[in-house]
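Listed here are the chains, written in short residue letters.
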Amino acid sequence: MATLSAGNSAATSPFCRPEEDPFLLLESTLRSVEEILLRRRGLPLRRTWIDQPYGEEEITLLEEEVIPAIQQCLARVDELDERLLAQQELLQRCELELQRQPLALQRLQMA
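Treat the numbers as computed from the prediction; the structure is a model and nothing was measured.

Trainee: I'd like to hear about the overall build of the chain, residue by residue, with values.
Mentor: Secondary structure assignment for the chain yields 3 helices and 0 strands. Tracing the chain from N to C terminus, the helices and strands come up as α-α-α. Residue burial in the chain is summarised as follows: out of 111 residues, 15% are buried.

Trainee: Describe the side chain of aspartate 21, listing the residues and the values that go with them.
Mentor: Positionally, aspartate 21 belongs in the loop between α1 (3-7) and α2 (22-39). Arginine 31 provides the closest opposite charge to the buried, salt-bridge-free aspartate 21, at an N-O distance of 11 Å. There is a polar contact of 2.9 Å between the side chain of aspartate 21 and the backbone nitrogen of phenylalanine 23.

Trainee: Explain the nonpolar core residue by residue, including any values.
Mentor: Counting 8 residues, the largest nonpolar core consists of Leu30, Leu37, Leu45, Ile59, Leu62, Ile67, Ile70 and Leu74. Looking at this core, the elements with two or more residues in it are α2 and α3 (56-110). The leading source of residues in this core is α3, at 5 residues. Not counting residues up to four positions away in its chain, the partners in contact with isoleucine 70 are Leu26 and Leu30.

Trainee: Describe the pattern of salt bridges, listing the residues and the values that go with them.
Mentor: Overall, the coordinates contain 6 salt bridges when judged by the stated rule. For glutamate 63, the salt bridge identified is with arginine 41, shortest N-O distance 2.8 Å. Of this pair, glutamate 63 sits in helix α3 while arginine 41 sits in the loop between α2 and α3, placing them 22 residues apart in sequence. Classification of glutamate 63 by relative accessible area gives partly exposed; the value is 27%. A salt bridge links arginine 76 to glutamate 79, with the nearest nitrogen and oxygen atoms 3.0 Å apart.

Trainee: Requested: an account of α2, with residues and values cited.
Mentor: One turn of the α-helix equals 3.6 residues, which is why residues spaced by three or four share an orientation. Look at α2: 26 Å from first C-alpha to last across 18 residues, which is about the 26 Å you get at 1.5 Å a residue. Within α2, burial applies to Leu24, Glu27, Leu30 and Leu37. Seen along its axis, α2 keeps its buried residues to an arc of 160°; they face one direction. Every exposed residue of α2 that faces more than 90 degrees away from the buried side is listed here: Leu25 and Arg39. At the N-terminal boundary of α2, the capping side chain belongs to aspartate 21, with an oxygen 2.9 Å from the backbone nitrogen of phenylalanine 23.

Trainee: Got a sec to walk through the environment of valine 33? Specific residues and values, please.
Mentor: Among the secondary structure elements, valine 33 is positioned in helix α2. Under the relative-accessibility criterion, valine 33 is labelled partly exposed at 28%. Linking valine 33 and glutamate 63, residues 30 residues apart in sequence, is a C-alpha distance of 9.5 Å.

Cut-offs and rules
- Residues numbered from 1 in each chain as written.
- Predicted model: local features only at pLDDT ≥ 70, side-chain atom pairs only at ≥ 80, totals over all residues.
- Heavy atoms only, no water.
- Helix = DSSP H or I, 4+ residues; strand = E, 2+ residues; numbered from the N terminus.
- Buried < 20%, exposed > 50% of the residue type's maximum accessible area, 1.4 Å probe, protein only.
- Lys, Arg positive; Asp, Glu negative; His and termini not counted.
- Salt bridge = Lys/Arg side-chain N within 4 Å of Asp/Glu carboxyl O.
- Polar contact = N/O pair within 3.5 Å; in protein donor to acceptor, adjacent residues only side chain to side chain.
- Core = buried A, V, L, I, M, F, W, Y, C linked by side-chain atoms within 4.5 Å.
- Contact = heavy atoms within 4.5 Å.
- Expected span 1.5 Å × (residues − 1).
- Arc of directions from axis to C-beta.

Spelled out as structure tokens, the structure:
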């Protein structure tokens, strides 16, 4: 999930800082929610703005519906990233080839 953006130079990106990347935030949020649910296994989950904590039913919904939805979102983001990276690499190869062509033509003319 979002491993391309999280693992590959996210901290050194010329485009934005990691804290500005919404998908890195989403990935971090997913890990935090999973960790909280794991540590609080069997205990109610308190919320800051309501008196009633999440009980077994709400926690089950988080585990069965919300977490998989976030995972699917991150998987789709990875697919989009891979497609954009492939396009970027192709564009870079084309630009490099365009730079090489005048040099090759010049060499042929000199020979």
